[in-house]
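Each chain is listed here by its residues.
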Amino acid sequence: MKPRQLSLQAFGPFAGCEELDFTRLGESPLFLINGPTGAGKSTLLDALCFALYGQTTGNDRSGAQMRCDRAEAKNLTWVELTFSLGQRSYRIYRAPEQERPKQKGEGWTTQAARVELYQLDAQEGEKLLGTKAGEVINHIQELLGLTVDQFRQVMVLPQGKFRELLLASSRDREAIFSQLFQTQIYKQLEDKLKARAGQIQREMQDHKLRISGILESCKLHTEEEVAQELQELKPRHQQLLVQKKDAQEKHLQAVKASNSAQQLQAQFLTLNQLKTQYQSHLDQQPAIQVQEEQLALDAKARKIQPQKNELDRLEKHHQQLQNQLQVCQQKYQQALANKQQTEKARLLAEEADSNQRPGLLQGQHRLQSYQEKVGQLAEQERKVNLAQKEAKKANDTLIDLQAQEQQLKKQIKATEEELSQLAQQQQNLAEAPLQRERLSQQLQSRQRLEELRLAQQKLSEDQRSAQEQEQLAQRFWQEQQQKAQETEYHWHLGQAAELAQQLFPGQPCPVCGSQEHPAPAQPTNPQGLVSKEQLQTARQEVEKAAKLLQDWTAHCQGLDYQLQENHRQQQELIAGLQELAEQPLAILQASFQQLVQQEQQLKIAQQRQQQLTEQQRQYQEQFNELEPQLLQVQNRWQQANDELVTEQSLLNQLEKELPAQLRTRQALAQALDKLSQQLQALEQAKSQAQQQDQEQDKQLAAWVQQEKDLQEQLSTSLEEQKTAAQNWEQALEASGFKNSVSWQAVLLEDQQLEVFSQQVNAWKDKKHQLEGKLDQLKETLAEQKHPDLEYFKQQETAAEQALEALQTEFQQLDQRWNQLQETAKRLEKAHRENQTLEDRYRIYGTLADVATGASGSKISFQRFVLGVLLDDVLALASRRLDHMSRGRYSLVRSQETGGRGAAGLDLQVHDAYSGRRRDVATLSGGESFMAALSLALGLSEVVQAYAGGVRLETLFIDEGFGSLDTETLDLAVATLMELQTGGRMIGVISHVSELKEQLNQRIDVLSDVQGSRLCLQV
């Protein structure tokens, strides 16, 4: 989060409306907030915190208490902050609850608190996110990822509060770090593992209750009782099973016998029914005989039906021939009328041909006589066109040569002017090569000086790093030497204990010779005896540490020599460059590039001058060659015009001798074609009329012949019809029919014929079927008697009752047997499932205990992850604290776990002077400030590096610098400047005058009797 603009009114000591534009300080500024005591420096931080969270940095004053007493009554108290978060921008307005004058009348009224949060968008404008206090607070915490208390501890170090983050408890630090690094997922994992383990425990308890419920369902108390009862029921269950099978077999035999008796009785009933049906069927025989007689008459009539069909066909054919004869006679009359018309048309066409042909032939002869003159006219037109083209060509050439003459004159004049300008330009740039060569040498020296300065910075950084490594190597050597001394001390003490381990009662001591050993020496090292190999290893580690220290010392000396040599070379270059040594390199490079460009311009001008001189010569030669060509073209143009006049007069003479519409070969040919077409049309009309007349003669003859043929066919058809009628009369008489009417009367319709045939055949089939069934049943029942159905029914009932009695007893016993069997299976399954739950609980329970810190080191999973992140923070913080404390202090994480519920994130300070660790609360005021500042800066860098949901791009520090000495103050400011280069905004509130000299950008808070004002110094 970076503030962009802060506006406030009647807030704290600021009576009026004040606006502060942070963007004028730059993207990543380091600035000072300066002003006398009580002017309102810390109020700016209160305004930031109040705008975001509705609380001040110290939380010792409410928003209503921040009202300025010197403000006018009409001016309300409010704060407005515009800030950016990554690529997004937001604006928040907040006003506390306050008293204001009534708009009407006298007195005061309470103005309710007001808050508005907007998201700013360049295209869509402002988007309102919330207007309720709780809603806006939730939005701010979601955007910044910090609560108000965490905001005070990591982004603002308010006056008197800078030690809070440093001295925070492990539990409070866990809350802050989990929000900053977004490690809630590890806490969620802890909760899920714990919940899963608890669920498995509950499921195990449920299984125990389930086993009790299974036993209760069969009214037993133990699994042994289930097994015992199953053993007791087994013999009786098997006996009843055998008896039930025997009873089922007897019942089945009784049912079969009863069914057989019923089937026999049913057959006797069926025989009686068939006899009744057969007699009823015979009663229908008279009606069937009538139908058979009708079918016989129909068959006799259908036998002579072909003769009747032939007679009907011949009568129909005769009628068709009469109709065709009538149509033929009508066609003949029509053809006769058409013949008269075609003959008349033929005579008219022959008359037109004889009248029009002589005139058309005469016109054709006249047009043919024009053909020679038309050819002469075309030739003369060609000559005129050639003369016109020659005259136009000469005229175009003349115009083109005149334009070339004018163009050459303009080009010669422009070339002379450009040559004059190039001469002046070369005179102005004549000194550029010498200046460029001189500046090139100076630029090389200046670039070398810049390289030396950059190398000096790099060497200085390497020197500081090497000195830090040398100090670490020194400490490491001291630690290894101390360890070696302790190892050697324990080794000497352990020699007596080693001899004591070889003593046995009754055997003499190799030192004193005594056979009694009342107090043998014991090892003093809690880890056991130190071997000679361990002692040798400790001594080797000391040698390695000494070699490492020696290497780093030599490396530091080499860097010192390189820095001195670098400084010497810089002084030599500065002496040669003089005032150019401090001039920015970019300006020198720009001047050099300008001279290079001028030298290139000079070369380009010289080349251009040579080109223009050559062009000037070529233009003059072209102008000299153009003069004779122009005179020659003028003479040719005059001759072409004279020839055109002569040819045009001859063309006019020929045009007078020919009609205007026939002056072209095409027009004359078209006129001749038109006459030829007219002659051809006359010939075609005459020929067509003659052909149509001949065609009509043929059609007339054809209709006469067709009428004659039809008359002959009618005569033949009449004779055939008489013969067929005689044959039909003879067929009727032979079949016994009086006439056609009696024959037609006995002839049945096809549908009626089919119905009668089906009814007769069906009656006969059913008669044969009934006779067959009667014969079969009579044969089957010949030796059978009527059965006693009552006897068989009693036998079936007795067998069924015996079976039901056995089934009832077996069902009761089998139900209990199955219940016990199912209970045994359910118990076995429950035990298997319970074993699975116990196996799962061994996994999830152990993981839950480890993740929640219920076992082992008592450190939860989230706290372990935060401990690793805290180590990263402390590594960066210690580097800065080591630098500011001149190698004395570094921050470390306490490894003590103890029995507390929230351990693992406590801080300690390592004092290099004493070589011990102690609580951070033991630091003095200035030391605490350095440690808190280092912790805040380290936390900011690590949060940015891990790119979590929180962006710590801003840090405000309120006081604390007054507790530092001059040298430590310089180191602290250098640290802040180094942090500023990483893209962070850092604001410092302090009275220290040295800071005012070192920080050029500042916000001055000016105070007078009317209130405080803000002044931005950039």
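Overview of the structure. (Residues numbered from 1 in each chain as written. Predicted model: local features only at pLDDT ≥ 70, side-chain atom pairs only at ≥ 80, totals over all residues. Heavy atoms only, no water.)

### Topic: the overall build of the protein chain
The number of helices and strands found in the protein chain is 21 helices and 17 strands. Counting the 1018 residues in the protein chain, one finds 37% classified as buried. For the protein chain, restricting intrachain contacts to residue pairs at least 6 apart in sequence, the fraction spanning at least 24 positions comes to 76%. Accessible surface for the protein chain amounts to roughly 61100 Å². Of this, 48% is attributable to carbon and sulfur atoms. (Helix = DSSP H or I, 4+ residues; strand = E, 2+ residues; numbered from the N terminus. Buried < 20%, exposed > 50% of the residue type's maximum accessible area, 1.4 Å probe, protein only. Contact = heavy atoms within 4.5 Å. Areas by Shrake-Rupley, 256 points an atom, 1.4 Å probe, with all protein chains shown as cover.)

### A closer look at the nonpolar core
Counting residues in hydrophobic clusters, the biggest one holds 47 residues, and the most contacted among them are Leu-6, Leu-52, Tyr-53, Ile-92 and Phe-151. With nine residues, the top contributor of residues to this core is helix H1 (residues 41–53). Beyond its immediate stretch of four places on either side in the chain, Ile-92 contacts Ala-51, Leu-52, Val-79, Glu-80, Leu-81, Phe-83, Val-115, Glu-116, Leu-117, Val-136 and Ile-140. Ranked by size, the runner-up nonpolar core spans 43 residues in total, among them Ile-176, Phe-929, Ala-972 and Leu-999. (Core = buried A, V, L, I, M, F, W, Y, C linked by side-chain atoms within 4.5 Å.)

### Some points on helix H8 (residues 285–303)
Residue pairs spaced three or four apart in an α-helix point in one direction, given the helix's 3.6 residues per turn. Over its 19 residues, H8 runs 27 Å from end to end, which matches the ideal 27 Å to within 8%, given 1.5 Å per residue. Regarding H8, the residues found buried are Ile-288, Gln-291, Leu-295, Asp-298 and Ala-301. Down the axis of H8, the buried set is contained in an arc of 135°. They therefore lie on one face. Residues of H8 that are exposed and angled more than 90 degrees away from the buried face: Glu-293 and Lys-303. (Expected span 1.5 Å × (residues − 1). Arc of directions from axis to C-beta.)

### Here we look at the sheet that holds strand E5 (residues 88–95)
The strand order E2-E1-E4-E5-E8-E9 describes an open sheet built from six strands, whose pairing is antiparallel. Every interior strand has two partners, whereas the edge strands, strand E2 (14–21) and strand E9 (125–130), have only one. Sheet twist, expressed as the average angle between the axes of neighbouring strands with direction ignored, equals 15°. Summarising the sheet, strand E8 (residues 114–121) and E9 pair through five bridges and their orientation is antiparallel. (Pairing = 2+ DSSP bridges. Axes fitted to C-alpha atoms, helices over the stretch in contact; angles between N-to-C directions.)

### A closer look at the packing of aromatic side chains
Across all of its chains, the model carries six aromatic pairs by this definition. Between Phe-11 and Phe-50 the ring centres are 5.7 Å apart and the planes differ by 40°, which places this aromatic pair in the tilted class. Taken as a pair, Phe-11 in strand E1 (residues 2–11) and Phe-50 in helix H1 lie far apart in primary sequence, 39 residues in all. Summarising the burial analysis for this pair, Phe-11 and Phe-50 share the class buried. Considering the side-chain rings of Phe-31 and Phe-956, the 6.2 Å spacing of their centres and the 75° angle between planes classify their relative orientation as edge-to-face. One end of the pair, Phe-31, is in strand E3 (residues 30–34); the other, Phe-956, is in strand E14 (residues 954–958), and 925 residues separate them in sequence. Pair check on accessibility: Phe-31 and Phe-956 agree, each one buried. Every member of this aromatic cluster is reached through a ring pair, and the members are Phe-22, Phe-31 and Phe-956. (Phe/Tyr/Trp six-rings, centres within 6.5 Å; stacked < 30°, edge-to-face > 60°.)

### Looking at the sheet that holds strand E13 (residues 916–919)
Taking strand neighbours across the sheet as the criterion, the three strands line up as E11-E12-E13 in an open arrangement whose pairing is antiparallel. Because the sheet does not close on itself, it has two edges, and the strands there are strand E11 (889–893) and E13. Across the sheet, the mean angle from the axis of one strand to that of its neighbour is 35°, orientation sign disregarded. Relative to E13, strand E12 (residues 907–911) runs antiparallel, the two being bridged by four bridges. Bridge pairing in E13 places His-910 opposite Arg-917. Of the strands in this sheet, E11 and E12 touch helix H18 (residues 861–884), which is tilted by about 175° from E11.

### As for the packing of helix H7 (residues 223–282) against helix H16 (residues 750–780)
Packing of H7 against H16 leaves a shortest axis separation of 10 Å and a crossing angle of 150°. Comparing the axis directions of H7 and H16 gives the class roughly antiparallel. Where H7 crosses over H16, the two elements pack in a sense that is left-handed. Residues Gln-267, Thr-270, Leu-271, Leu-274, Lys-275, Gln-277, Tyr-278, His-281 and Leu-282 of H7 form the contact with H16, whose own contacting residues are Trp-763, Lys-766, Lys-767, Leu-770, Glu-771, Lys-773, Leu-774, Leu-777, Lys-778 and Thr-780. For the contact of H7 with H16, the per-class residue count stands at eight nonpolar, five polar and six charged. (Parallel < 35°, antiparallel > 145°, perpendicular 65-115°, else oblique. Left-handed = near helix turned anticlockwise from the far one by under 90°. Nonpolar A, V, L, I, M, F, W, Y, C, P; charged D, E, K, R; others polar.)

### Concerning the pattern of salt bridges
The tally for this structure, following the rule as stated, stands at 23 salt bridges. For Arg-448, the salt bridge goes to Glu-451, with nearest N and O atoms at 3.7 Å. With Arg-448 and Glu-451 both in helix H11 (residues 432–500), this residue pair falls three residues apart, about one helical turn. A relative accessible area of 37% means that Arg-448 is categorised as partly exposed. The shortest N-O distance in the salt bridge between Asp-911 and Arg-918 comes to 3.3 Å. Salt bridges here are not isolated pairs; linked through shared partners, they connect Lys-339, Arg-346, Asp-693 and Asp-697. (Salt bridge = Lys/Arg side-chain N within 4 Å of Asp/Glu carboxyl O.)

### Some details on the pairing of strand E17 (residues 1011–1017)
With seven bridges connecting them, strand E16 (residues 1002–1008) and E17 associate as antiparallel partners. Counted as the bridge partner of Ile-1003 is Leu-1016 from E17.

### Description of the side chain of Asp-693
Residue position: Asp-693 is located in helix H14 (residues 665–735). Owing to a relative accessible area of 7%, Asp-693 belongs among the buried residues under this scheme. Ignoring any residue separated from it by four or fewer positions in sequence, one finds Asp-693 in contact with Lys-339, Thr-342, Glu-343 and Arg-346.

### Regarding the packing of H8 against helix H9 (residues 305–369)
H9 packs onto H8 with a crossing angle of 45° between their chain directions and a minimal axis gap of 5 Å. Classified by the interaxial angle, the pair formed by H8 and H9 is oblique. Across the interface between the two elements, Ala-301, Arg-302 and Lys-303 of H8 pack against Gln-305, Pro-306 and Gln-307 of H9.

### Structural notes on the environment of Ala-581
Along the chain, Ala-581 turns up in the loop between helix H12 (532–577) and helix H13 (585–657). For the pair Ala-581 and Gln-571, spaced ten residues apart in sequence, the C-alpha separation works out to 9.9 Å. In contact with Ala-581, not counting residues within four places along its chain, are Arg-446, Leu-449, Arg-453 and Ile-574.

### What about unusual backbone geometry?
Most peptide bonds are trans, and most residues other than glycine sit at a negative phi. At Ala-10, a residue that is not glycine, the phi angle is positive and equals roughly 55°. Among the secondary structure elements, Ala-10 is positioned in strand E1. Although it is not a glycine, Arg-886 sits at a positive phi angle of roughly 55°. Within the secondary structure, Arg-886 is located in the loop between H18 and E11.

### Re the environment of Leu-995
Along the polypeptide, Leu-995 turns up in helix H21 (residues 993–998). Along the backbone, Leu-995 and Asn-34 are 961 residues apart, and their C-alpha atoms lie at a distance of 9.4 Å.

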